[in-house]
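# A structural walkthrough
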Amino acid sequence: MKSSIYLFNLCGLFFIAVGIFYGFFTDFSELVGFPALLLVGLMALMIGVYLWLTDRRVGRQPQDNDDAEISDADADYGFFSPWSWWPIVSAGAAAVSFYGFAMGWWIVPFGVVLGIVALVGLTYEHDRGDFAH
C-alpha cells in the first residue's frame, strides 16, 4: 500500500504543478485544460490521502512485506452466485438506459423498468431454492 500512496500523491502533485504552469503559459484564457489538470491532480491526491489514512488505520499489509507469501493475503471476499444471469440483465438495463440518453428520452423508461426487474431478481435470487433463477 505504501507504493500506491507514493504513486498517487506524486501524480497529484505533478498534475497540480503542470496545471499551474499550463495556466501561466496560456494566460488563464483557456478554460478547459487548466481546470481539468487541477482536478486530475486533486482527484489523485484524494485517492492518495484516502490510502494513507487507511494505511494508518489498518497497519502493515502483506503487500508491504517483501517476504510475504500469497497465502498471507488470503481473505474472504464474500459470496458470489456462480450461475447468476442477473448481472447480464443489469448490464443490459444500463445499456438501454444510456442508449436512451443518447438517442431519445422515450427509451429511458424501458431501461429503468428493466433495471428494477434486474435489481429485484439479483436481490431475491437465493430465496427460492438452490440455483433458482
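Residues numbered from 1 in each chain as written. Predicted model: local features only at pLDDT ≥ 70, side-chain atom pairs only at ≥ 80, totals over all residues. Heavy atoms only, no water.

An unreviewed UniProt entry lists the protein under the name Cytochrome c oxidase polypeptide 4, from Brevibacterium permense. Its UniProt record, at the heading Subcellular location (unreviewed entry), says of the protein: "Cell membrane". Per UniProt, the comment on the protein under Catalytic activity (unreviewed entry) is "4 Fe(II)-[cytochrome c] + O2 + 8 H(+)(in) = 4 Fe(III)-[cytochrome c] + 2 H2O + 4 H(+)(out)". (UniProt positions renumbered as here; feature names shortened; annotations may be inferred.)

Among the surface-exposed residues, Leu39, Val40, Leu42, Met43 and Met46 lie close enough to one another that they form a single nonpolar patch of about 490 Å² accessible area. Here Val40 shows up in helix α2 (residues 33–58). When its relative accessible area of 35% is taken as the criterion, Val40 is described as partly exposed. (Patch = residues over 30% accessible without salt bridge, like charges linked within 9 Å, V, L, I, M, F, W, Y side chains within 5 Å. Areas by Shrake-Rupley, 256 points an atom, 1.4 Å probe, with all protein chains shown as cover. Salt bridge = Lys/Arg side-chain N within 4 Å of Asp/Glu carboxyl O. Helix = DSSP H or I, 4+ residues; strand = E, 2+ residues; numbered from the N terminus. Buried < 20%, exposed > 50% of the residue type's maximum accessible area, 1.4 Å probe, protein only.)

Moving on to helix α4 (residues 108–123). Look at α4: 22 Å from first C-alpha to last across 16 residues, which is about the 22 Å you get at 1.5 Å a residue. Those residues of α4 lying buried are Val108, Gly111, Ala118 and Gly121. Looking straight down α4, one finds that the buried residues subtend no more than 145° of arc, so they occupy a single side. Residues Val113 and Ile116 are exposed on α4 and point more than 90 degrees away from its buried face. Summarising the contacts, the buried residues of α4 are in contact with α3 (86–103). (Expected span 1.5 Å × (residues − 1). Arc of directions from axis to C-beta. Contact = heavy atoms within 4.5 Å.)

This brings us to the UniProt feature "transmembrane region" (unreviewed entry) in the protein. According to UniProt, the positions carrying the feature "transmembrane region" (unreviewed entry) are residues 7–25, 31–53 and 106–124. Counting secondary structure, residues 7–25 comes out at 100% helix and 0% strand; the distance between its end C-alpha atoms is 27 Å. A helix fraction of 84% and a strand fraction of 0% characterise residues 106–124, whose end C-alpha atoms lie 29 Å from each other.

Our focus in this paragraph is the environment of Asp64. Here Asp64 is to be found in the loop between α2 and α3. According to the relative accessible area criterion, Asp64 is buried, its value standing at 16%. Considering only alpha carbons, one finds Asp64 and Ser3, 61 residues apart in sequence, at a separation of 8.3 Å. Beyond its immediate stretch of four places on either side in the chain, Asp64 contacts Met1, Lys2 and Asp55.

By the definition in use, this model includes one salt bridge. The residue Asp55 makes a salt bridge to Lys2 at a minimum N-O spacing of 2.7 Å. Of this pair, Asp55 sits in helix α2 while Lys2 is found in helix α1 (residues 2–25), placing the two residues 53 residues apart along the sequence. Given the relative accessible area of 8%, Asp55 is considered buried. Here Lys2 falls in the partly exposed class, since its relative accessible area comes to 40%.

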